[in-house]
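# Architecture at a glance
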Amino acid sequence: MSSSRKVVELFYDVVSPYSWLGFEVLCRYRNVWNIELRLRPSLLGGVMKESGNRPPAMVPNKAVYMQSDLNRLAKYFSVPVCFPENPFEVMFEKGSLNAMRFLTAVSEKETSGDVMLERVSREIWKRIWSNDQDITLPESLSEAGLKAGLSATEVEELLQLYKSQPVKDRLKHTTEEAVNFALSFHILVTLQELVFLRFASSFVSGEKWLGPQPDKPTAKM
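We now turn to the structure provided with this report. (Residues numbered from 1 in each chain as written. Predicted model: local features only at pLDDT ≥ 70, side-chain atom pairs only at ≥ 80, totals over all residues. Heavy atoms only, no water.)

## Observations regarding helix H5 (residues 97-109)
Taking 1.5 Å as the rise per residue, H5 with 13 residues should run 18 Å; its terminal C-alpha atoms sit 19 Å apart, in good agreement. Taken as a whole, H5 has its buried residues at Ala 99, Met 100, Arg 101, Phe 102, Leu 103, Thr 104, Ala 105, Val 106 and Ser 107. (Helix = DSSP H or I, 4+ residues; strand = E, 2+ residues; numbered from the N terminus. Expected span 1.5 Å × (residues − 1). Buried < 20%, exposed > 50% of the residue type's maximum accessible area, 1.4 Å probe, protein only.)

## Some words on the pattern of salt bridges
Overall, the coordinates contain 13 salt bridges when judged by the stated rule. The partner of Arg 122 in a salt bridge is Glu 24, and the shortest N-O contact between them spans 2.8 Å. Placement of the pair is Arg 122 in helix H6 (residues 115-129) and Glu 24 in helix H1 (residues 17-29), with a sequence separation of 98 residues. The exposure classification of Arg 122 matches that of Glu 24, with both residues buried. The salt bridge partner of Arg 30 is Glu 118, with a shortest N-O separation of 2.8 Å. One end of the pair, Arg 30, is in the loop between H1 and strand E2 (35-41); the other, Glu 118, is in helix H6, with 88 residues separating them in the sequence. You can call Arg 30 buried: its relative accessible area is 17%. Residue classification places Glu 118 among the buried positions, given a relative accessible area of 17%. Among the charged side chains, a salt-bridge network with shared partners connects Glu 24, Arg 30, Glu 118 and Arg 122. (Salt bridge = Lys/Arg side-chain N within 4 Å of Asp/Glu carboxyl O.)

## Digging into unusual backbone geometry
Phi angles above zero are rare outside glycine, and Ser 78 is one such case at about 55 degrees. If you check the backbone angles, Asp 132 has positive phi at about 55 degrees while not being a glycine. Examined against the element boundaries, Asp 132 turns out to sit in the loop between H6 and helix H7 (138-148). Of the residues examined, Asp 132 reaches a relative accessible area of 38% and is grouped as partly exposed.

## Considering the packing of H7 against helix H8 (residues 152-161)
Interhelical geometry of H7 versus H8 gives an angle of 140 degrees and a closest axis separation of 10 Å. Here H7 lies oblique to H8, going by the angle between them. Relative to H8, H7 is oriented so that their crossing is right-handed. The segment H7 lies against H8, with Pro 138, Leu 141, Ser 142, Gly 145 and Leu 146 engaging Ala 152, Val 155 and Leu 159. (Axes fitted to C-alpha atoms, helices over the stretch in contact; angles between N-to-C directions. Parallel < 35°, antiparallel > 145°, perpendicular 65-115°, else oblique. Left-handed = near helix turned anticlockwise from the far one by under 90°. Contact = heavy atoms within 4.5 Å.)

## Quick word on the packing of aromatic side chains
Per the counting criterion, the structure on display carries ten aromatic pairs. With 4.3 Å between their ring centres and 45 degrees between their planes, Tyr 29 and Trp 33 make a pair best called tilted. You can call Tyr 29 buried: its relative accessible area is 0%. Relative accessible area serves as the criterion here: at 3%, Trp 33 is assigned to the buried category. Ring centres of Tyr 29 and Trp 209 lie 5.2 Å apart, and the angle between their planes is 10 degrees; this geometry places the pair in the stacked category. With Tyr 29 in helix H1 and Trp 209 in the segment after strand E3 (188-189), this residue pair connects regions lying 180 residues apart in the sequence. Across this residue pair, the class does not change: Tyr 29 and Trp 209 are buried. By the ring-pair criterion, three or more aromatic residues cluster together here, those being Tyr 12, Trp 20, Phe 23 and Trp 125. (Phe/Tyr/Trp six-rings, centres within 6.5 Å; stacked < 30°, edge-to-face > 60°.)

Written out as structure tokens, the structure is:
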């Protein structure tokens, strides 16, 4: 293994269940592969708009396939993805803007790598894609933060910070970075068209794919 750690940036949005799968796999591999994983909260809607793509749920044939595809992938990757009762409302009417601003605020205050950002992101994903719960209201974000291990004081501070212009600007800038990276062939795990790293050398040369749970090797898919 090379002594030079390779940077892998995960640009993600909690509105995307596919991003959750890629997020969990990369978090499992961050101490297995010789990589430095950087979590980058971004807005999927902004990436879709700038790239000229449409979300799979907006394309009839893809929407029909999406639920069975996610059920299969959730089982394979051992991630508790469960479709909400009204996925169109969740993804397109309510969206994830407040949640992604909140996660950007968490990232701003992070003092130990991405530890808390990882935990809070996971709790918000659980709300939307496991428990069919809201992620748009301050009390919803507060509950996710508390479950992730933040104190009530820290959560209150974040609820003030996520509404600030610097946080809004940072989220916008990170989303623009995601678009630019996707267009320039940098090492990137993008927001929606995730490749799940079964062919690891495509992303991290010299590293071996050990299955969706590297501590519990399974048969190849």
